[in-house]
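Chain residues, written in single-letter form:
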Amino acid sequence: MDYSSSRKQLHIAMFPWLAYGHIAPYLQVAKFLAQKNHHIYYVSTPKNISRLPQLPPTLCSNITFIPLSLPHVDGLPPGVESTSELPIHKVPYLKKSFDKLETQLTEFLERSPQIKLIIHDFAPYWLPPMANQLRINLVCFSIFNASSNAFLGSTSEMLGGSRKSPEDFTVVPTWMDYPNNIAFKLHETFSHKECEDIVSDVERYATVLLNCKILTLRTCYEFEPEALRVLGKIHQKPIVPLGLLPPSLSNIEDKGDENWKALKKWLDSKQEKSVFYVALGSEVSLSQQSMHELAFGIEKSGLPFIWVVRKPPLVEEQFAEVMIPPEFEERVSKRGMVLRGWAPQLRILAHSSVGGFLTHCGWSSVIESLGLGKPLILFPGGSADLGLIARLMHWKKVGFEIERNDVDGSFKSDLVAACIKRVMVDPEGEQLRANALAMKEIFGNVELSNKCLDEFTQLIENI
């Protein structure tokens with residue numbers, strides 16, 4: 001429904017954290033609000049803005065990009081503006097630099113009195129006093145799902161509640177009062193500490209949550225009714241699912257891409273649902289030993305695959321080469337493809353020959369896979385809520401998690417192979433494959449996502 005003509009135009013600033021997994025969904029929401037005739041000021045850094053896809057001409061007049069230059073911080077390599085360009089232990093320097101954007105953002109907002117609303121991320125814990133002084137309302141947009149958010153608990157729990165030791169985070173919290181398995185494994189609680197600044201992520205998030213009018217999330221009632229109910233209870237403020245924001249296949253431009261032509265030809269030669277796709281996201285860096293173990297597991301599965309291998313950030317090319325076992329590619333050349341760098345993930349997943357996705361469990365990747373009805377081989381990375389997403393997908397029976405040592409996260413290639421086969425071909429994975437296919441109705445449903453976005457738009461118009 002189009003109610004834009006009868007409504008007052010809002011001027012809204014949007015301010016995502018400096019990671020592509022945040023920047024892209026924020027742009028999707030910006031485009032939707034611009035279609036509803038609201039004016040969006042999309043605030044980020046020059047390099048991140050330049051990487052965004054071009055806007056449709058019809059939206060250009062309603063979206064203004066506001067580039068803020070990232071201040072220098074000792075320890076942050078020059079020219080770095082996003083998490084994907086850094087190893088995890090250097091992310092705290094990016095947070096320090098991000099915090100120094102406060103001055104530039106204040107100046108911009110003081111020059112723009114028409115802005116009465118900021119849609120912001122978890123990171124700018126310094127935003128509430130500034131917004132309060134300028135009489136600007138805050139809406140917190142968490143790009144995470146409701147289960148991960150519910151696991152964190154209330155703001156008082158986040159700022160020093162009952163959980164003190166790493167072990168406390170390995171059990172389902174009492175406030176999640178429905179049957180579920182959402183908790184961390186011990187090794188996941190250690191690895192996230194590496195990317196923490198003096199002000200922890202949870203502290204940042206709790207501070208912005210306390211001061212926002214609305215919390216909105218990348219999910220929907222159809223998928224997580226219980227977790228959304230729990231969130232409403234613990235935060236006592238409007239919790240609004242924004243929809244899953246599925247990517248549109250129709251707007252993936254085909255510029256006669258030579259790489260895709262070769263890939264498509266290879267995929268066309270394979271049987272339906274016989275290939276599994278492997279990608280561990282732009283920010284998961286495994287040790288050489290783990291990469292080798294994963295490679296042997298992929299090989300032992302005996303199934304055709306496409307594996308996208310990214311060079312870890314700030315690692316010399318020759319060291320990146322040894323991440324894959326010697327002669328691995330020759331041995332699997334008849335049935336496997338190793339791609340280096342970037343790959344057209346959505347196109348690969350959408351191909352009928354692809355029957356499963358071995359993923360690091362980033363929420364965007366999970367949405368893409370289930371939006372196309374493809375089951376998940378769950379291999380969560382160590383940071384943020386990736387482990388919680390893996391448990392959620394395992395619990396919802398749309399994926400199966402590769403077994404690992406709870407304490408150190410180590411794993412055996414035989415268990416990797418067994419998990420791949422279970423999801424892809426074994427009779428015991430049949431129900432899981434059917435469940436993943438059925439999820440297409442929720443995860444790939446653009447109408448459902450737009451209905452959530454519509455409701456969110458109406459809510460912010462009436463703040």
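Residues numbered from 1 in each chain as written. Predicted model: local features only at pLDDT ≥ 70, side-chain atom pairs only at ≥ 80, totals over all residues. Heavy atoms only, no water.

Peer 1: Hey, could you run me through empty space enclosed by the protein in this one?
Peer 2: The gaps of empty space that remain are located by a probe, the size of a water molecule, rolled over the atoms. Scanning the entire structure with this criterion turns up one cavity of 30 Å³ or more. There is about 30 Å³ of room inside the largest cavity. Lining the largest cavity, in full, are S147, Y178, E224, E226, A227, L392, W395 and K396. Contributing elements (two or more residues each) for the lining of the largest cavity: α10 (225–235) and α17 (386–395). (1 Å grid on protein atoms, 1.4 Å probe; cavity = no way out; pocket = protein on both sides within 12 Å on 5 of 7 lines; lining within 4 Å. Points joined across faces, edges and corners; volume = space filled by probe spheres on them. Helix = DSSP H or I, 4+ residues; strand = E, 2+ residues; numbered from the N terminus.)

Peer 1: Looking at this model, I keep getting lost on the UniProt feature "domain: Glycosyltransferase N-terminal" (unreviewed entry) in the protein. Mind explaining?
Peer 2: The UniProt feature table records "domain: Glycosyltransferase N-terminal" (unreviewed entry) at residues 10–144. Taken end to end, residues 10–144 has its terminal C-alpha atoms 25 Å apart, with 35% of it in helix and 19% in strand. (UniProt positions renumbered as here; feature names shortened; annotations may be inferred.)

Peer 1: What is the right way to read the packing of aromatic side chains from this model?
Peer 2: Any pair of aromatic rings gets described here by the distance separating the centres and the angle formed by the planes. What the rule picks out here adds up to 18 aromatic pairs. Ring geometry for F151 against F184: centres 5.4 Å apart, planes inclined by 90 degrees, an arrangement best described as edge-to-face. Here F151 is found in helix α6 (residues 146–152), whereas its partner F184 is found in the loop between α7 (155–158) and α8 (186–191), with 33 residues between them in sequence. F184 matches F151 in its accessibility class, with the two residues each being buried. A connected cluster of aromatic rings, assembled from ring pairs, spans F15, W17, F98, F122 and W126. It is K270 that lies over the ring of W266; its NZ or CZ is 4.4 Å from the centre. Positioned over the ring face of F379 is R404, at 4.4 Å from the centre of the ring. (Phe/Tyr/Trp six-rings, centres within 6.5 Å; stacked < 30°, edge-to-face > 60°. Buried < 20%, exposed > 50% of the residue type's maximum accessible area, 1.4 Å probe, protein only. Lys NZ or Arg CZ within 6 Å of the ring centre and 35° of its normal.)

Peer 1: Help me out: how do you make sense of the layout of surface pockets in this one?
Peer 2: As a volume, the second largest pocket reaches approximately 190 Å³. Residue lining of the second largest pocket: K8, Q9, L10, H11, Q114, K116, L117, N137, I460, E461 and I463, and that is the complete set. Considered class by class, the residues forming the lining of the second largest pocket number four nonpolar, four polar and three charged. (Nonpolar A, V, L, I, M, F, W, Y, C, P; charged D, E, K, R; others polar.)

Peer 1: Help me understand the domain arrangement of the protein, please; the structure alone is not making it clear to me.
Peer 2: Where the parts come together, the accessible area they lose is often given as the size of the interface. Here the protein is partitioned into domain 1 (11–246 + 445–461) and domain 2 (255–443). Taken over C-alpha atoms, the centre of domain 1 sits 27 Å from the centre of domain 2. Tallying the contact residues gives 40 residues for domain 1 and 34 residues for domain 2. Taking both sides of the interface into account, the surface hidden between domain 1 and domain 2 amounts to around 3100 Å²; carbon and sulfur atoms contribute 61%. Put simply, domain 1 and domain 2 have two salt bridges between them. Two residues, E401 and K185, come together in a salt bridge whose shortest N-O distance is 3.8 Å. Taken together, the links from domain 1 to domain 2 amount to 11 residue pairs in polar contact (both at pLDDT 80 or more). Elements represented by at least two residues in the side of domain 1 that touches domain 2 include exactly α6 and α8. Partitioned by chemical class, the residues of the side of domain 1 that touches domain 2 number 20 nonpolar, 12 polar and eight charged. (Domains from an automatic or database assignment. Contact = heavy atoms within 4.5 Å. Buried area = accessible area lost by both parts, 1.4 Å probe. Salt bridge = Lys/Arg side-chain N within 4 Å of Asp/Glu carboxyl O. Polar contact = N/O pair within 3.5 Å; in protein donor to acceptor, adjacent residues only side chain to side chain.)

Peer 1: Just checking my understanding: could you explain the nonpolar core for this structure?
Peer 2: The tendency in soluble globular proteins is for nonpolar side chains to be buried side by side. In this structure, L105, Y277 and M393 are the most contacted members of the largest nonpolar core, which totals 93 residues. Here this core gets five residues from one element, more than from any other, and that element is α17. In this structure, M393 is in contact with F223, W363, V366, L370, L376, L378, V398 and G399, ignoring residues within four places of it in sequence. (Core = buried A, V, L, I, M, F, W, Y, C linked by side-chain atoms within 4.5 Å.)

Peer 1: What should I look at first to understand the environment of P16 in this one?
Peer 2: Relative to the helices and strands, P16 is located in the loop between β1 (11–15) and α1 (20–35). By relative accessible area, P16 is classed as buried at 0%. Residues P16 and S282 lie 266 residues apart in sequence; the distance between their C-alpha atoms is 18 Å. Residues within four places of P16 in sequence aside, it is in contact with H22, I23, Y26, Y42, V43, F98 and D121.

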